[in-house]
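Geometric and topological summary
Chain by chain, the residues:
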Amino acid sequence: MSAAFPSPYEAPALVAGHGFFSCLTVDGELLTLNRTRAKQFLQEEPAPLVVHAPATARMLGMTPPGQPAPWFDLLELFAFVHPARSVAPTPRGLAIALGLGDFDGRRVEANTLPDLAARLLTDLRALKSTPAHPFLVALATRLAQTGWIWSGAVMEALEITGPVSREAMQPGEALRIWDQLPKWEDTARRPPPGSNPVTPAEARTRLGQILGPDAEIRVGQADFADVATHAFEPREGMGFPRVVLAEAGTGTGKTLGYIAPASLWAERNGGAVWISTYTRHLQRQIEAETARLHPDPAVRRNHVVVRKGRENYLCLLNMEEAVNIAPTRGPGPVIALALLARWGMATMEGDLFGGDLPGWFGDILGHGVLSATADRRGECIHGACPHYQRCFVEHSIRRAQDADLVIANHALVMAQAAWAQSQGLPALEQGDQPEATLEEAVPDEDGIPTRYVFDEGHHLADAADGAFALELSGLEAAELRRWLLGAEGSRSRARGLRRRLDDLVAGNPRLETPLDAALLAAKALPAPGWSGRLWIEPQTDRPEEPPEPEDVTASLFPVPAPVQLVEPVIDNPTETVLRLLRDQVLARTVGNGPVRRNGSECDLHPMIDGLGEAADTLARALSRIAEPLRTLVNRLEDKLREDTDTLDTAARARIEAMIRSLQRRAIGRLDGWVSMLTTFCTPPDEVGPPQFIRFIRLEAREGQRRGEQDVGLHQHWLDPTLPFAAVLAAPAHGLLITSATLRDETDTDQSAEAEQIWEAAEARVGASHLPSPALRASLASPFDYSRQTRVFIVNDVAHDDPDTLAAAFQALFLASGGGGLGLFTAIERLRTVHRKIAAPLEEEGIPLYAQHVDAMDNTTLVDVFRTETDSCLLGTDAMRDGVDVPGHALRLVAFERVPWPRPDILHRERRMHLSQGNPRLYDDRLARLRLRQAFGRLIRTRTDRGVFVLLDRRTPSRLLSAFPSGVIPHRLGIAAAVEEIRTFFAEEN
């Protein structure tokens, strides 16, 4: 081993927790130290072996180390040896991933870390005989040049004894993965799918084949597959899709229940079924289930594709820019990019967020490298990119066009629908029936699906609300200016529209003229420094400004900012409107202090003086940007037609992609803003319910002067399922909408008929807006909840006392021996409880993790929680919906209070107009459905046992019907609840 690098074989080891530090000395002595002694241990001993160096440093009360890290972080070595492989970032997680056991729930001490290091280096030696060896040699050599602490051990394992030969891959080339990745090749476009149905008997047979002879028999699962076939029957007319609403209780096995008929229909008809769910985590779960359908990964890759938004993937052009800059910025960025390159050569999808890149990668190697190498600002240049044919996104798009099953998320599917709306769908009036008039008018790169499965269907309205809403804010408008004009003299690398189009339009007046006009008009959008100017009157001296939204590459590779003299911006029409919007919020909200953490908002009407006139001026200014861009698009389309015989395939693809970008990124947004501003002064309809809800919102962000970051005008559909039904559901041929919580059994009153309950469920997912009735089905959970669960309502914990609340959570988690999921309705209360109980729980051998505290994404946190079976996890909404942790790792769910809807303007208007005259029942329904979702996390298999605790003494009895039949909630004090929990879990032993 090179003397330039320390040896991990002779290193001590350290495992850190909130209340203990397990240390292994160089002499092999195992110690348990407190924080002070552990810090002293680090100072006296050589570089130690650790797992997750930043988390270890935070446990020690130290600043996380940078790169090159001074400690042997085993996760860095794991990223080099086993890229694109998931592992929980804990000693136990590593041990399980490497086949060294799970220690039967015992705490993993520091003496295990040398064994983990030895196994990783053994695995690395095995790679010498693989095709990856030349790349690994070059990459290891480049990492050695940065001083990466693992370089000596890695070079020894790979038997690198000297400089790389001239014939081999050079160290500098190893990071240039865009030259090594495979290219995609265009194929003939897939013909439209057929309409041959799938019979219930065929679906049951396919389900049996997927499950295999030894699988657990679930009667409800076969019934679900039977019902789902209706969504795959031929439709009878345009605008009359086959719709199935299927409520499937937890444990029914609905995922394979719909995969069976969906896969059969896709094979039979030569088309794709799009399966949409709510979160990235759930996408990954569904993809894992398809391994039962196609066990061979290579076969599965051809038939099943995961699709996400472009911003989730590694952008090779951004990576090239980062790699070119990195050597001038020190070793840290090079180490991060080298390990990202290692992953990039191994990944199947190129998905940076929620895919096969470990969620802890950014925390250890810098989140900046992920932001810098993703297309987070919509600057993709498509066919103009030199790496276009190796692009991960383009690979994914082309594979999806020929796949049987495309696993997407509601956000992407709704974005496609919103795009369809922006292309000319007539606006729906309240009560209109939608018509499928745009089936051939959606120029989407993924094509138009005809069959959908919406899992987690209870989130459809929320997803549609986000997709079809409009927001004219400072950040949105400034981002559009940056996309059009570029960096405008700052250190940002943002490319302007001229740079992206220059070689297409240069010397062509027909194209240059509208481009120049649009870029000149774009000066009406907020200029750099706009957020600082919101707090001063026009034409005054500028104060010291808060920082602009940080450019990710500048953050990753910081350089001194050039000194610039910027003239004050006078009479900018967008900034004028923003300032007036800000003034109205401040005038209409309570108090004059800083903006609240979750923002301040007020109604648009009645407007303050001058706002209507300023809005008219801004609408005209925005139209002057949109019209020349529209002309530019029309002339680019003319070029495609007129130069058919001279344009090569790459040039044509580039022009088509640029047209799509202009329409989506700029024209569609500008048209929406203009439409909103032209009806700005029209007050809500006083006779009937309005079509839209408009309000002004002032956003707060920590660290900014006076707490202000952005202000904007927001427009939401009163009923967002209307546009969903019009532009997505009606053009489709079939939809299956399923969830464990579609219905609320007390939607009206205790004597409500089943018909009324189903009608309310249909209204929540938009099925009531379709002309043909939906097929309804309800399949009960197979679990015996009365035997497997207990529900307690704690009636002596003060909801407004943080100390009492924290003590209650601590007592509950200790009573269950860990395995607890704590759910919160407010992030600040979550952080407060975590701060107070993390150390006491750790002292009892119960690690505590928390969303919004630990620097890990939700998927990684759930992986850790699942692996560390006696740990506890605190989270908010994202943990309430879609977390699947079967077995002993999750045995207690504690909710800090009733999850009432947030009392904002959106909720006020919807409860007023959509509650059929009973706003209280509308609120109750939302709270009950959220409680049902939270309770559903608890029991995932027939052998699970668990306790649900609601720490809200104000819980009304009318909400308790959220729990399954046979489950009787008991109201009692915290001490009695703790005793009952201990007794309940003692019974299973």
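Residues numbered from 1 in each chain as written. Predicted model: local features only at pLDDT ≥ 70, side-chain atom pairs only at ≥ 80, totals over all residues. Heavy atoms only, no water.

Here we look at helix H3 (residues 74–81)
When you tally the buried positions in H3, you get eight out of eight residues, the bulk of the element. Within H3, burial applies to Leu74, Leu75, Glu76, Leu77, Phe78, Ala79, Phe80 and Val81. Sitting at the head of H3, aspartate 73 places a side-chain oxygen 3.0 Å from the backbone nitrogen of leucine 75. (Buried < 20%, exposed > 50% of the residue type's maximum accessible area, 1.4 Å probe, protein only. Helix = DSSP H or I, 4+ residues; strand = E, 2+ residues; numbered from the N terminus. Polar contact = N/O pair within 3.5 Å; in protein donor to acceptor, adjacent residues only side chain to side chain.)

Details of the side chain of aspartate 952
One can find aspartate 952 in the loop between strand E22 (946–950) and strand E23 (970–972). You can call aspartate 952 buried: its relative accessible area is 3%. From its side chain, aspartate 952 meets the backbone nitrogen of valine 898 in a polar contact 3.0 Å long. Every residue in contact with aspartate 952, bar those within four places of it in the chain, is listed here: Ile793, Val794, Glu896, Arg897 and Val898. (Contact = heavy atoms within 4.5 Å.)

Some remarks on unusual backbone geometry
Trans is the prevailing form of peptide bonds, just as negative phi is the prevailing case for residues other than glycine. Of the consecutive residues glutamine 67 and proline 68, the connecting peptide bond is found in the cis state with omega at 0°. Mapped onto the elements, proline 68 comes out in the loop between helix H2 (53–59) and strand E5 (72–73). Of note, the amide linkage connecting histidine 605 to proline 606 takes the cis form, showing an omega dihedral of -5°. Residue position: proline 606 is located in the loop between strand E12 (600–603) and helix H27 (611–642). Of note, glutamine 916 is a non-glycine position whose phi angle comes to about 50°, a positive value.

Some points on the pattern of salt bridges
Enumeration according to the criterion identifies 54 salt bridges in this entry. Look at the salt bridges and you will find they share partners, linking Arg204, Asp223 and Asp226 into a network. (Salt bridge = Lys/Arg side-chain N within 4 Å of Asp/Glu carboxyl O.)

Structural notes on the sheet that holds E23
Hydrogen bonds along the backbone pair up the strands of a sheet, which may run parallel or antiparallel. The strand order across the open sheet formed by seven strands is E19-E20-E18-E21-E22-E17-E23, and the pairing between neighbours is parallel. In this open sheet, the two strands that pair with only one neighbour each are strand E19 (848–850) and E23. Recorded for the sheet is a direction-independent mean angle of 20° between the axes of neighbouring strands. Pairing analysis gives four bridges linking strand E18 (residues 820–823) to strand E20 (residues 872–875), with the strands arranged parallel. Residue pairing for E20: glycine 820 is matched across the bridge by cysteine 872. In the packing of helix H37 (residues 919–936) onto the sheet, contacts are made with strand E17 (789–794), E18, strand E21 (892–895) and E22, and the angle to E22 comes to roughly 150°. (Pairing = 2+ DSSP bridges. Axes fitted to C-alpha atoms, helices over the stretch in contact; angles between N-to-C directions.)

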